[in-house]
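An overview of the molecular structure
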Amino acid sequence: MSTLLLLPGDGIGPEVIEQVRRVASRLANDLTLEERAFGGTSFDQFGTPLTEEAEAVALASDAVLMGAVGGPKWAGAPRAQRPEAGLLRLRQAMNVYANLRPAICFDALAGASALKPEFVSGLDIMIVRELTGGVYFGQPRGIETLADGQKRGVDTQVYTTSEIERVSRVAFELARGRRNKVTSCEKSNVMETGLLWREVVTALHARDYADVQLEHMLADNAAMQLVKNPLQFDVIVTDNLFGDILSDEAAMLTGGIGLLPSAALGDPGKPGLYEPIHGSAPDIAGQGLANPLAAILSFEMALRWSLGRTDLADKLNAAVKAALEEGARTRDIGGSLTTAQMGDAVLKGL
Ligand code: ATP
Ligand code: MG
């Protein structure tokens, strides 16, 4: 018996998570679903975006699936009490250092890509982004005023061997279950952390993953290659900053953000944190317009990577593909189905 904690959150979060709940109930009768308030919704109820109790339940679960957090209503709250602060705290508490962002182009939606269909048909890239280190956290950082009245801003990129090694290990393991190729991206031509990155990935590859094809690519070239010939990629592993940029770029090669899931994983055996890549979309919240597929595909990732149910994940993936092939479309992908009707279309395939 596994436990999945649902954190619906704010905006369209509860609407898309409701469809996950329906799918999960149909698919897996040995899965216990918990639910807690999170983000602005939790702030309104408890005065904090993440209660200690909810955090404890998350750590004790097998997987955590969130909808989205944030919105204009809470933008004026103290920084530490904002919905996004709750998410950062949860990521830290769960120590999820490997962010998996698939860029999948479903054949039925190849026409919606920023590229011509023949460039993206069958596209299936897995970007593994380091999530807890790098320039977003390195010290020193800050803005200081100089003697001459100018200001000086500082960010610092720091990576250690173990930080690089653990996220690279995730990438190599993933590649083995896919097309067996890892592209490691950094800027070793101009950055010390890039040099170290390349050295550590190369050593780990030689030691434990010589059966996997490894390629090193400078991150700027990777940005170009993603648009020029995206089908060349299988798994991409890169640091926090380059991963942020490359994964957003890759998202535009697919049918749109309403379809893209993500996972954040920590050490093996620890719960993963799953979420659609889209935000709380306040502009369409409460209207039944949200596409629930990104959330449903995030649940598929949870089945695969935390709940040990690859069989059910495959089944769910097939149901989503079937729904799209039969023409099920919410507004964001050119149709008129409501959130619940898209849920119905997936349930039909199950
Ligand atoms: P955040 O900062 O929380 O990531 P954001 O400003 O990047 O938020 P999103 O909330 O992701 O933005 O929304 C961007 C646009 O995409 C909005 O117009 C929104 O309505 C649309 N959108 C986002 N998610 C969905 C979805 N699941 N279905 C349909 N449209 C969506
Ligand atoms: Mg965003």
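Residues numbered from 1 in each chain as written. Chains lettered and ligands numbered in written order. Predicted model: local features only at pLDDT ≥ 70, side-chain atom pairs only at ≥ 80, totals over all residues.

The protein goes by 3-isopropylmalate dehydrogenase in an unreviewed UniProt entry, where it is assigned to Phenylobacterium montanum. You can read under Subcellular location (unreviewed entry) in the UniProt record for the protein the words "Cytoplasm". Comment text from UniProt for the protein, heading Catalytic activity (unreviewed entry), reads "(2R,3S)-3-isopropylmalate + NAD(+) = 4-methyl-2-oxopentanoate + CO2 + NADH". (UniProt positions renumbered as here; feature names shortened; annotations may be inferred.)

Bringing the pairing of strand β12 (residues 272-276) into the picture now. Across a regular strand the side chains alternate sides, sitting on one face of the sheet and then on the other. Here β12 lies mainly inside the structure; five of its five residues are buried. Going residue by residue along β12, you find Gly272, Tyr274 and Pro276 tucked away on one face and Leu273 and Glu275 tucked away on the opposite face as well. The pairing of strand β3 (residues 63-68) with β12 spans three bridges and is parallel. In the strand pairing of β12, valine 64 is matched with leucine 273. In this structure, strand β11 (residues 261-265) lies alongside β12, joined through four bridges in antiparallel fashion. Residue pairing in the sheet places alanine 263 in a bridge with tyrosine 274 of β12. Between the end of β11 and the start of β12, which pair antiparallel, lie six residues, with glycine 269 showing a positive phi angle near 90 degrees. (Buried ≥ 20, exposed ≤ 12 C-beta atoms within 10 Å, placed from the backbone. Helix = DSSP H or I, 4+ residues; strand = E, 2+ residues; numbered from the N terminus. Pairing = 2+ DSSP bridges.)

The next thing to look at is the sheet that holds β11. Read from one edge of the open sheet, 10 strands run β2-β1-β3-β12-β11-β4-β5-β10-β8-β9, paired in mixed fashion. Among the strands making up the open sheet, the edge pair consists of β2 (31-35) and β9 (213-218). Sheet twist, expressed as the average angle between the axes of neighbouring strands with direction ignored, equals 20 degrees. Sheet strands touched by helix α1 (residues 13-27): β1 (2-9), β2, β3 and β12. Its angle to β1, the strand with the most contacts, is close to 155 degrees. The sheet contacts of helix α10 (residues 293-305) involve β1, β3, β11 and β12, and relative to β12 the element is tilted by about 160 degrees. (Axes fitted to C-alpha atoms, helices over the stretch in contact; angles between N-to-C directions. Contact = placed C-beta atoms within 7 Å.)

Turning our attention to unusual backbone geometry. With an omega dihedral of 0 degrees, the bond running from glutamine 139 to proline 140 counts as a cis peptide bond. With respect to the helices, strands and loops of the structure, proline 140 is situated in the loop between β5 (124-130) and β6 (142-145). Of note in the backbone geometry, asparagine 180 takes a positive phi value of approximately 65 degrees without being a glycine. Counting through the fold element by element, asparagine 180 comes out in the loop between α6 (161-176) and β8 (181-186).

Within the largest apolar cluster, 105 residues are counted, with the highest numbers of intra-cluster contacts made by Leu65, Val128, Ala171, Ile236 and Phe299. With nine residues, the single largest contributor to this core is α10. Formed jointly, this core draws a minimum of three residues from each of two domains, domain 1 (1-101 + 265-350) and domain 2 (124-252). (Core = buried A, V, L, I, M, F, W, Y, C linked by C-beta atoms within 7 Å. Domains from an automatic or database assignment.)

Let us look at the UniProt feature "binding site: substrate" (unreviewed entry) in the protein. Using the residue numbers shown here, the UniProt feature "binding site: substrate" (unreviewed entry) corresponds to Arg91, Arg101, Arg129 and Asp220. The annotated residues occupy 130 residues of the chain and do not converge on a single region, their most distant C-alpha atoms lying 28.1 Å apart. Summarising the element assignment, arginine 129 is placed in strand β5. Note on arginine 129: 26 C-beta atoms within 10 Å, which makes it buried. Residue contacts for arginine 129: discarding those within four places in its chain leaves Asn99, Arg101, Thr238, Asn240, Gly243, Asp244 and Ser247. Taking the C-beta count within 10 Å as the criterion, aspartate 220 has 13 such neighbours and is therefore assigned partly exposed.

The next thing to look at is the site of ligand 1. In the vicinity of ligand 1 lie 14 residues, with Gly258, His278, Gly279, Ala281 and Asn291 positioned nearest. Class assignment of the residues belonging to the shell around ligand 1 gives a composition of six nonpolar, six polar and two charged. (Near = placed C-beta within 6 Å. Nonpolar A, V, L, I, M, F, W, Y, C, P; charged D, E, K, R; others polar.)

On to the UniProt feature "site: Important for catalysis" (unreviewed entry) in the protein, then. In the UniProt entry, the feature "site: Important for catalysis" (unreviewed entry) is given for Tyr136 and Lys187. Structurally, tyrosine 136 is set in the loop between β5 and β6. C-beta crowding within 10 Å serves as the criterion here: with 15 such atoms nearby, tyrosine 136 is assigned to the partly exposed category. Relative to the assigned elements, lysine 187 resides in the loop between β8 and α7 (192-208). Under the C-beta neighbour-count criterion, lysine 187 is labelled partly exposed, with 18 such atoms within 10 Å. When neighbours within four sequence positions are excluded, lysine 187 is seen to be in contact with Gly194, Leu218 and Ala219.

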